[in-house]
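# An overview of the molecular structure
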Amino acid sequence: MATNGSQKKVGLAPDRLASFYGRDIVSVMQFSRDDLTYIFGVADEMRSLVKRVGATDLLKGYVLGNLFYEPSTRTSSSFIAAMERLGGSVIPIHGVQYSSVSKGESLPDTIRTLQCYADVIVLRHPEIGASAVAARYATKPVISAGDGTGEHPTQGLLDIYTIYSELGAVDGLHVAMVGDLRNGRTVHSLARLLRLYDTKMTFVAPDILQLPADLKAELEDSGRVVRETGRLQDVIADADVIYVTRVQKERFDDLRLYEAVKDYYEITPELMEQAKPRMALMHPLPRVGEIHYDVDDDPRAAYFRQMENGMYVRMALLAAVLGKV
Amino acid sequence: MATNGSQKKVGLAPDRLASFYGRDIVSVMQFSRDDLTYIFGVADEMRSLVKRVGATDLLKGYVLGNLFYEPSTRTSSSFIAAMERLGGSVIPIHGVQYSSVSKGESLPDTIRTLQCYADVIVLRHPEIGASAVAARYATKPVISAGDGTGEHPTQGLLDIYTIYSELGAVDGLHVAMVGDLRNGRTVHSLARLLRLYDTKMTFVAPDILQLPADLKAELEDSGRVVRETGRLQDVIADADVIYVTRVQKERFDDLRLYEAVKDYYEITPELMEQAKPRMALMHPLPRVGEIHYDVDDDPRAAYFRQMENGMYVRMALLAAVLGKV
Amino acid sequence: MATNGSQKKVGLAPDRLASFYGRDIVSVMQFSRDDLTYIFGVADEMRSLVKRVGATDLLKGYVLGNLFYEPSTRTSSSFIAAMERLGGSVIPIHGVQYSSVSKGESLPDTIRTLQCYADVIVLRHPEIGASAVAARYATKPVISAGDGTGEHPTQGLLDIYTIYSELGAVDGLHVAMVGDLRNGRTVHSLARLLRLYDTKMTFVAPDILQLPADLKAELEDSGRVVRETGRLQDVIADADVIYVTRVQKERFDDLRLYEAVKDYYEITPELMEQAKPRMALMHPLPRVGEIHYDVDDDPRAAYFRQMENGMYVRMALLAAVLGKV
């Protein structure tokens, strides 16, 4: 968010508890631990509110512009539900490829038009950095819902919030991330947020899908213990969190390579027998075979609670950037 | 609706007045006459309410997940309007072919994700049985909005409700169904519900589009009078209800066959002169020539009132499954 | 809006202040100056309300059917936001090419179905005259959101409202319209409304994109001063309003012709130095190069305020046709 045409007004504030009012949410790098503690506290309140009475009138009269340049049913549904349960309204703009963008309009113009109608904008865009561009031109708060293979900050927040909800704390945990770690933006956002806590991270992937070297260096520079392995067996008994991601077919030029790795790390009930009795099995969903359906009834399977947490965290963010908490 | 991963909790209850609270609506076979009487009474109240004041706050704070895997403007609009007039909110998920489903996600996972955000789910799906699958995995109520050539239970309910509204009763009537009776799921749902009443049914279609043999047997087993004919002339003077359906081009492999039958049964003002002075001409719409536009002003032309009744019946169902009536 | 099947009940009332209650909005030709004065007064109130408190409950319980047969993000978003800020709800029907229309349903049937669910209908349609057809069959008010290369009446209203807001009056002004004047429906609607005021109009375009001869004659018959030129230089120093439009690629059969004219009239900061210190630079957006981004910070650049005005005018129209102002 910035005044029209001027430089970005509110930037990344990793080291202090900034007020969220009027702030853009475009990168996990902008958050301090205090920021997370604050948002998680509000998210706890939102969960309690939804469980008790379903909804509130906190954002009555406010309008969310939900601008999705690429489809994402779960993320867009989560934001819509979050706004509606806060009493606000939504302008749903999906399938936008068919609209003024195809007439050649620039993203800044689209954003500056949409903010004539909406009080807050959620943006999903296929290009890295699109959210930061949108935030620079908007005078209303912009919340990124993911851009390309870049950031997906609200996913990162809900993932940490889920660890905190499931296990009571984040410090001291061993978090294993599994699957396509090279391309998975959820893993990247999660790992960057985990730097803020005293955690041990293990990255489990075949070599060609391991974490990008620069991100690995970034994590090591932060002083965290970072390990890589190709074997799930190396972490299954010790991890407090196993975060599984999908190997995305659309990322592969060579489909034979995809076929070779896609079933590499399937979580089965048998495997879960080796895991700690108190741990959290997470997945950003959708899954396509990475976690066997028979695992769903395991109390450690946290992925549907993780989905639900997404709504509470987004309720907290919407209320916070609109200055209502 | 079922507890997660367990067996279906509430099943088909044709013989008793079940409470609707928490119940799934997936098949017309689940309803007893008392169920219908109850829902129609609530629908009457909803109509009265809409006519007087337009809307209510009965479902304020509740969220409907409106999940349409295939387009159906009228059914989705009807559910959206129903929820909104009850004071609730909607997550509209249309054109879902472009979203996580295309990434290979299973229907159960999509449903279990959506119910993290919504209090009730309406599902339209191209495959027979999809609604029952969804209901088995959902812990929130699922209402079918039609699956493939299978069931379309809310259409069946609104059709019976329309007969009841137009003619004051259903028992004792002669109901003629016309058109593509082989593939038309609305006719199948309607005929199955008519079994619950003391009615005579005549099925008017060319041989190749007549009722499936198993459905015909099912109706006869229920003790109802069932007749088939190829001639509209055989029923026009005697029928209390003429229910016309569209011959769907997309069901024909041989387009010459389609051309041969499509104009077979056109309802014209001249034909209506032979019909009873008090009867109901119905059509689930859209129509493509089956009923001449000049019939629209005939007071017996009930098809637009039928549309409107769809909203009242859906308001009744939404309120009932959420336990608010 | 008409009673079902009867003749159109409320027609064009250019010469008197008609009550807006129940009226259709399908053509700028239906408005008198008094009509505009009335709507602009209501729009002023809507703006004040939004600036102060964001929203109202004026249309609580009312439902808008937002029926878009072709994509138009900005217009549909504007209507959705307008309805939501008035406390009403929306049935969003976009991408309707995939729905019952593709099954061959007629527009009148679609409209008569939608009005079973909605209290007011907004229609965007690719064919000229579609809104008038819809209005004839509807018993609920229909507001055109543009039909083909025909009318776009709410755009015309918001354009005049913007001139009035920016410059305090419309009488006595010199309005220059620039770009594709042959095909641009926004220019046609604007010019027709300007007839109601004591204005001078200059049309700036290459010969092949000049105003249609019949529209030019229509304007001259109204007694207004009408000039044509190919040079922006002829009007830049004298115009009180410069209204720039996009040259739409999709209107050209010969793409070489498009390339030749598309950059013909670019508004740059240098050009704006020659313009009056108090004037309004307008554009219906989206723009694709017609106005340089460096002009955006110029206080005379009114196009984003113009967007915002669209919401206030549409709020005024929705409230007026539903009889709530």
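Criteria and thresholds
Residues numbered from 1 in each chain as written. Chains lettered and ligands numbered in written order. Predicted model: local features only at pLDDT ≥ 70, side-chain atom pairs only at ≥ 80, totals over all residues. Pairing = 2+ DSSP bridges. Helix = DSSP H or I, 4+ residues; strand = E, 2+ residues; numbered from the N terminus. Axes fitted to C-alpha atoms, helices over the stretch in contact; angles between N-to-C directions. Contact = placed C-beta atoms within 7 Å. Core = buried A, V, L, I, M, F, W, Y, C linked by C-beta atoms within 7 Å. Buried ≥ 20, exposed ≤ 12 C-beta atoms within 10 Å, placed from the backbone. Nonpolar A, V, L, I, M, F, W, Y, C, P; charged D, E, K, R; others polar. Parallel < 35°, antiparallel > 145°, perpendicular 65-115°, else oblique. Left-handed = near helix turned anticlockwise from the far one by under 90°. Least-squares fit on C-alpha atoms with pLDDT ≥ 70 in both. Domains from an automatic or database assignment.

The next subject is the sheet that holds strand β7 (residues 225-229) of chain B. All names here are of chain B. Here 5 strands make up an open sheet; going across it, the order is β7-β6-β5-β8-β9 and the pairing parallel. A single partner strand is all that each edge strand has here, and the edge strands are β7 and β9 (280-282). Across this sheet, the average inter-strand angle for adjacent strands is 15 degrees, counted without regard to direction. In this sheet, strand β6 (residues 200-204) lies alongside strand β5 (residues 174-178) in parallel orientation, the contact comprising 5 bridges. Within β6, the residue paired with alanine 176 across the bridge is threonine 202. On top of the sheet, helix α6 (residues 185-194) reaches β5, β6 and β8 (241-244); it is set at about 165 degrees to β5, its chief contact.

Nonpolar side chains tend to gather and get buried jointly when the protein is soluble and globular. In this structure, A:Met177, A:Leu318, B:Met177, B:Leu318 and C:Met177 are the most contacted members of the largest nonpolar core, which totals 306 residues. Residue contacts for B:Met177: discarding those within four places in its chain leaves B:Val187, B:Leu190, B:Ala191, B:Met201, B:Phe203, B:Val204 and B:Tyr243.

Chain A puts 25 residues into the contact, and the matching count from chain B is 24 residues. Those elements that provide at least two residues to the side of chain A that touches chain B are α2 (73-85) and α10 (303-321) of chain A. Partitioned by chemical class, the residues of the side of chain A that touches chain B number 12 nonpolar, 6 polar and 7 charged.

Residues and elements named next belong to chain C. Where helix α3 (residues 107-114) meets helix α4 (residues 130-137), the closest approach of the two axes is 9 Å, and the angle between their N-to-C directions is 50 degrees. Looking at the two axes, α3 sits oblique to α4. As α3 runs across α4, the sense of the crossing is right-handed. Counting all contacts with α3, which are made through Leu107, Pro108, Ile111 and Arg112, the residues of α4 involved are Ala130, Val133, Ala134 and Tyr137.

Expressed as a screw operation, the relation of chain A to chain C combines 0.0 Å of axial shift with a rotation of 120 degrees, fitting to an RMSD of 0.0 Å. Expressed as a symmetry operation, the mapping of one chain copy onto the other fits a three-fold axis. Little of the interface of chain A is mirrored in chain C, where only 8% of its interface residues again form contacts.

Now for the relation of the copies chain A and chain B. For the match of chain A to chain B, the screw axis carries a shift of 0.0 Å, the RMSD comes to 0.0 Å, and the turn is 120 degrees. In this assembly, only 8% of the residues forming the interface of chain A have copies in chain B that are likewise at the interface, indicating a heterologous arrangement.

A negative phi angle characterises most non-glycine residues, just as the trans form characterises most peptide bonds. All names here are of chain A. Across the junction of leucine 285 and proline 286, the peptide omega takes the value 0 degrees, indicating a cis bond. Inspection of the secondary structure puts proline 286 in the loop between β9 (280-282) and α10. Even without glycine at this site, leucine 285 takes up a positive phi of about 55 degrees.

Next up on the list: the interface of chain A and chain C. Put simply, an interface is often sized by how much accessible area is lost when its parts join up. Listed as interface residues are 24 residues of chain A and, on the opposing side, 25 residues of chain C. Elements that contribute at least two residues to the side of chain A that touches chain C include exactly β2 (89-93) and α3 (107-114) of chain A. When grouped by side-chain class, the residues that make up the side of chain A that touches chain C number 11 nonpolar, 8 polar and 5 charged.

Now for the pairing of strand β7 (residues 225-229) of chain C. Here strand β6 (residues 200-204) of chain C runs beside β7(C); their pairing, made up of 5 bridges, is parallel. When the bridges of β7(C) are listed, C:Met201 appears paired with C:Val226.

Glancing now at the environment of B:Leu67. Residue and element names in this part refer to chain B. Checked against the element boundaries, leucine 67 lands in strand β1 (residues 63-68). According to the C-beta neighbour criterion, leucine 67 is buried, with 26 such atoms within 10 Å. Taking the C-alpha atoms as reference points, leucine 67 and serine 144, 77 residues apart in sequence, are found 9.9 Å from one another.

Time to look at the sheet that holds strand β6 (residues 200-204) of chain A. Residue and element names in this part refer to chain A. One open sheet holds the 5 strands; their spatial order is β7-β6-β5-β8-β9, and the pairing between them is parallel. Taken across any chain shown, the strands that pair with only one partner, and hence form the sheet edges, are β7 (225-229) and β9. The average angle at which neighbouring strand axes cross in this sheet is 15 degrees, direction not considered. Its contacts with the sheet put helix α6 (residues 185-194) on β5 (174-178), β6 and β8 (241-244), and the angle it makes with β5 is roughly 165 degrees.

All names here are of chain A. According to the domain assignment, chain A consists of domain 1 (28-151 + 308-321) and domain 2 (154-306). On a C-alpha basis, the centroid separation for the pair domain 1 and domain 2 is 25 Å. Elements with a minimum of two residues in the side of domain 1 that touches domain 2: α1 (33-53), β4 (142-147) and α10. For the side of domain 1 that touches domain 2, the element with the most residues is α10, which contributes 6 residues. The class makeup of the residues in the side of domain 1 that touches domain 2 is 10 nonpolar, 5 polar and 5 charged.

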